[in-house]
Amino acid sequence: MPPPHPAPVPDALLLFTPVQTTYRGANGWSSEVQRAFVAALARSGVVAAAARSVGRSASSAYQLRRRAGVESSFALAWDEAQRRATEAAMDLALADGMHVRRTEVYYRGRHVGWRTVHDDRLLCAALNAFDRLRRARSSER
């Protein structure tokens, strides 16, 4: 008989201490919602998209972060999630950003050859976004 599968190890990112909230209604930020938000933020890197994925607004997410404080476990998990998403996006941009594209060349309606185009727009956009994020984080401190 094969050995049973071990229980999955939880990601250390999600082991933060959730912010204690007084509101426990359907639109509140329960511990489960906070963990789902941080997990979604680690995937997308976009606060609004992560908040929408858990049925909350970006403004309420920022409010929760302010209430928790800059050095809270939640804020640190938030920052780490955005860092992970940024690194993943940069890796993808670096891998695919400088790709070569071949396009057909037509002259007076006839195919006359091929043009090789090095398209680095994605890479440039990723580097600009990374630079803006780095400057924003350094100005927060």
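Here's what I pulled together on the structure shown here.

What counts and what doesn't
- Residues numbered from 1 in each chain as written.
- Predicted model: local features only at pLDDT ≥ 70, side-chain atom pairs only at ≥ 80, totals over all residues.
- Heavy atoms only, no water.
- Phe/Tyr/Trp six-rings, centres within 6.5 Å; stacked < 30°, edge-to-face > 60°.
- Helix = DSSP H or I, 4+ residues; strand = E, 2+ residues; numbered from the N terminus.
- Buried < 20%, exposed > 50% of the residue type's maximum accessible area, 1.4 Å probe, protein only.
- Core = buried A, V, L, I, M, F, W, Y, C linked by side-chain atoms within 4.5 Å.
- Contact = heavy atoms within 4.5 Å.
- Lys, Arg positive; Asp, Glu negative; His and termini not counted.
- Salt bridge = Lys/Arg side-chain N within 4 Å of Asp/Glu carboxyl O.
- Polar contact = N/O pair within 3.5 Å; in protein donor to acceptor, adjacent residues only side chain to side chain.

**Description of the packing of aromatic side chains**
The description of an aromatic ring pair uses the distance of the two centres, along with the angle that the planes make with each other.
Turning to step 1, where the next piece is worked out: Counting across every chain of the model gives 6 aromatic pairs.
Turning to step 2, where the next piece is worked out: Summarising the aromatic geometry, the rings of Phe74 and Trp78 are spaced 5.8 Å apart at their centres and angled 85° between planes, so their arrangement reads as edge-to-face. Of this pair, Phe74 and Trp78 both sit in helix α4 (residues 73–96), 4 residues apart, roughly one helical turn.
Turning to step 3, where the next piece is worked out: With relative accessibility at 0%, the residue Phe74 sits in the buried group.

**Observations regarding the nonpolar core**
Turning to step 1, where the next piece is worked out: In terms of nonpolar packing, the biggest core is built from 20 residues, with Trp29, Phe37, Val38, Leu41, Phe74 and Trp78 touching the most fellow members.
Turning to step 2, where the next piece is worked out: Contributing elements (two or more residues each) for this core: α1 (31–44), α2 (47–53), α3 (58–68) and α4.
Turning to step 3, where the next piece is worked out: In terms of residue count, α1 provides more of this core than any other element does, 6 residues in total.
Turning to step 4, where the next piece is worked out: Setting aside chain neighbours within four positions, we find Phe37 in contact with Trp29, Val47, Ala50, Ala51, Val54, Ala61, Phe74 and Trp78.

**As for the environment of Ala89**
Turning to step 1, where the next piece is worked out: Its place among the elements puts Ala89 in helix α4.
Turning to step 2, where the next piece is worked out: Assessed through its relative accessible area of 43%, Ala89 is described here as partly exposed.
Turning to step 3, where the next piece is worked out: For the pair formed by Ala89 and Ala126, sequence separation is 37 residues and the distance between their alpha carbons is 7.5 Å.

**Remarks on the side chain of Arg56**
Turning to step 1, where the next piece is worked out: With respect to the secondary-structure elements, Arg56 resides in the loop between α2 and α3.
Turning to step 2, where the next piece is worked out: As a buried residue without a salt bridge, Arg56 has its nearest oppositely charged side chain in Glu32, at a separation of 8.5 Å.
Turning to step 3, where the next piece is worked out: A polar contact of 2.6 Å, which involves the side chain of Arg56, links it to the backbone oxygen of Gly28.
Turning to step 4, where the next piece is worked out: Other than its neighbours up to four places away in sequence, Arg56 contacts Ala26, Asn27, Gly28, Trp29, Val33 and Ala51.

Spatial relationships are all this shows, so hold off on functional conclusions.
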